[in-house]
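One-letter residues, chain by chain:
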Amino acid sequence: MMYSEITGTNFTNKMNHNTLPLQMSRIAKPWYHLNHKKVLIVDPEKVDVDDYYAGYVGRYYFFTDKAVGQENFMMTPEAFKQAVEQYDYVAIPETHRTFTVLTQKVYHQHVITGFFKITNHGLKRIH
């Protein structure tokens, strides 16, 4: 019976090595105090955003009621800047090409993955 449990656990860990919660743990430490910080979760997986999974992961990981997942960043640089500046933080657990290009255009920063505080002058890496 133990062999079955160990084999099942190993299989699950192997199959889930790149899930959103594990990606989050690679870029940021979880928060343990309830807060109301606005966190944008940049997720290139449309299904994670459409079914609110990215938002749920963000809410539990950062212990906030204001985490939102977003996949679509097809917008003008001006609209992008306005959209990003509505948040306190941005989490990019996986490379998102459009977000990276717009960050370069708007803030003159090359951002691929990570956890950032939104400032008036751009994104400041937190870690």
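Residues numbered from 1 in each chain as written. Predicted model: local features only at pLDDT ≥ 70, side-chain atom pairs only at ≥ 80, totals over all residues. Heavy atoms only, no water.

**Section: helix 4 (residues 53-62)**
Then, number 1: Along helix 4, the residues classified as buried are Ala-54, Gly-55, Val-57, Gly-58, Tyr-61 and Phe-62. One face of helix 4 carries all of its buried residues, which in axial projection span an arc of 160°.
Then, number 2: Of the surrounding secondary structure, the elements contacted by the buried residues of helix 4 are helix 2 (20-27), strand 1 (35-42), helix 3 (46-50), strand 2 (64-70), strand 3 (89-92) and strand 4 (114-119).
Then, number 3: Of the residues flanking the end of helix 4, it is Phe-63, one or two places downstream, whose phi is positive at about 50°. (Buried < 20%, exposed > 50% of the residue type's maximum accessible area, 1.4 Å probe, protein only. Helix = DSSP H or I, 4+ residues; strand = E, 2+ residues; numbered from the N terminus. Arc of directions from axis to C-beta. Contact = heavy atoms within 4.5 Å.)

**A closer look at the packing of aromatic side chains**
Then, number 1: Under the counting rule described, the total for this entry stands at 9 aromatic pairs.
Then, number 2: Seen from their ring centres, Phe-73 and Phe-99 are 5.0 Å apart, and the 75° between their planes marks the pair as edge-to-face. Residue Phe-73 is located in the loop between strand 2 and helix 5 (77-84), and its partner Phe-99 is located in helix 6 (residues 97-107); the two are separated by 26 residues in the primary sequence. Assigned by exposure class, Phe-73 and Phe-99 land together as buried.
Then, number 3: Given a relative accessible area of 1%, Phe-99 falls into the buried group.
Then, number 4: Taken together, the ring pairs connect Trp-31, Tyr-61, Phe-62, Tyr-89 and Phe-115 into an aromatic cluster. (Phe/Tyr/Trp six-rings, centres within 6.5 Å; stacked < 30°, edge-to-face > 60°.)

**Considerations on the side chain of Thr-64**
Then, number 1: As for its position among the elements, Thr-64 is in strand 2.
Then, number 2: Side-chain polar atoms of Thr-64 contact the backbone oxygen of Asn-35, separated by 3.4 Å.
Then, number 3: Among residues more than four places away in sequence, those in contact with Thr-64 are Asn-35, His-36, Lys-37, Val-39, Gly-58 and Arg-59. (Polar contact = N/O pair within 3.5 Å; in protein donor to acceptor, adjacent residues only side chain to side chain.)

**What about the sheet that holds strand 3?**
Then, number 1: One open sheet accounts for 5 strands, arranged 2-1-3-4-5; its pairing is mixed. Looking at the sheet topology across the chains shown, the edges are occupied by strand 2 and strand 5 (122-125). Taken over all neighbouring pairs, the strand axes of this sheet differ in orientation by 30° on average, direction set aside.
Then, number 2: Pairing of strand 1 with strand 3 involves 3 bridges; the strand directions are parallel. Following the sheet pairing, Val-39 is matched in strand 3 by Tyr-89.
Then, number 3: Taken strand by strand, helix 2 contacts strand 1, strand 3 and strand 4, and its axis lies near 115° from that of strand 3. (Pairing = 2+ DSSP bridges. Axes fitted to C-alpha atoms, helices over the stretch in contact; angles between N-to-C directions.)

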